[in-house]
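Residue strings, one per chain:
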Amino acid sequence: MLKLLQKLTKSKNPDSKRYKRDMAKHLDGRALKCVLEKKSDGIEEVIGHDGSIIVKDDELLVYASMDVVLRTKIVNLSAWELLSLEGVVITAPDIELGGEVRSIVAYYKYWRKLDD
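Residues numbered from 1 in each chain as written. Predicted model: local features only at pLDDT ≥ 70, side-chain atom pairs only at ≥ 80, totals over all residues. Heavy atoms only, no water.

(A) Representation of the overall build of the chain within the structure. In terms of regular secondary structure, the chain is built from 2 helices and 7 strands. When the helices and strands of the chain are listed from N to C terminus, the series reads α-α-β-β-β-β-β-β-β. Evaluated residue by residue, the chain yields a buried proportion of 34% over its 116 residues. Counted over contacts in the chain with a minimum sequence separation of 6, partners at least 24 positions apart contribute 39%. (Helix = DSSP H or I, 4+ residues; strand = E, 2+ residues; numbered from the N terminus. Buried < 20%, exposed > 50% of the residue type's maximum accessible area, 1.4 Å probe, protein only. Contact = heavy atoms within 4.5 Å.)

(B) Broad picture of the side chain of Lys-20. Mapped onto the elements of the fold, Lys-20 is located in helix 2 (residues 17–27). For Lys-20, a relative accessible area of 14% translates into the label buried. When residues no more than four places from it in sequence are discounted, the contact partners of Lys-20 are Pro-14, Asp-15, Ile-74, Val-75, Asn-76 and Leu-77.

(C) Summary view of the sheet that holds strand 3 (residues 59–64). On the basis of which strands lie adjacent, the open sheet formed by 7 strands has the order 4-3-2-1-7-6-5 and antiparallel pairing. Every other strand in the sheet has two partners, leaving strand 4 (67–73) and strand 5 (78–81) as the edge strands with one partner each. In this sheet, neighbouring strand axes are inclined to one another by 30 degrees on average, regardless of whether the strands run parallel or antiparallel. In this sheet, strand 3 lies alongside strand 2 (residues 44–56) in antiparallel orientation, the contact comprising 6 bridges. Bridge pairing in strand 3 links Ile-53 to Val-62. Contacts from helix 2 reach strand 2, strand 3, strand 5, strand 6 (87–94) and strand 7 (100–108), with the element oriented near 55 degrees to strand 5. (Pairing = 2+ DSSP bridges. Axes fitted to C-alpha atoms, helices over the stretch in contact; angles between N-to-C directions.)

(D) Examining the side chain of Ser-16 more closely. Looking at the secondary structure, you find Ser-16 in the loop between helix 1 (2–8) and helix 2. There is a polar contact of 3.1 Å between the side chain of Ser-16 and the backbone nitrogen of Tyr-19. (Polar contact = N/O pair within 3.5 Å; in protein donor to acceptor, adjacent residues only side chain to side chain.)

(E) Here's a closer look at helix 2. Buried residues of helix 2: Lys-20, Met-23, Ala-24 and Leu-27, and no others. Buried residues along helix 2 cover an arc of 100 degrees about the axis, so they all sit on one side. Phi for Gly-29, located one or two positions after helix 2, is positive at around 90 degrees. (Arc of directions from axis to C-beta.)

(F) Summary view of the pattern of salt bridges. Applying the stated rule across the entire model yields 9 salt bridges. In this structure, the salt-bridge partner of Glu-37 is Lys-39, at a minimum N-O distance of 3.8 Å. For Glu-37, a relative accessible area of 10% puts it in the buried group. Overall, Lys-39 belongs to the partly exposed group, its relative accessible area being 35%. For Glu-96, the salt bridge goes to Arg-71, with nearest N and O atoms at 3.1 Å. Note that Glu-96 is positioned in the loop between strand 6 and strand 7 and Arg-71 in strand 4, a separation of 25 residues in sequence. Judged by its relative accessible area of 46%, Glu-96 falls in the partly exposed class. (Salt bridge = Lys/Arg side-chain N within 4 Å of Asp/Glu carboxyl O.)

As structure tokens, this is what we get:
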């Protein structure tokens, strides 16, 4: 019943803090197959394999190839899932790179969470 109520009252404004927090919560714990970075010239480059998305305090971290490939504050997050639900596109300033805005595509290892 609680999940149904949360689903019905979910924010639909992608710029709201609530939407960003809910999206981060949705992505938390996802296992990743690979992570690509979209460059400004339109080319996508593989930057990691076998990782996960983790929410820690007020930050979202994307791990791949045993490294942090993206670290950002949840309030600065802009994320949406692919129509196929095979992954997520995340655009956000990277704390590790001094606030440089990066756009990555993270492909899930599994299309759905295993505990659902």
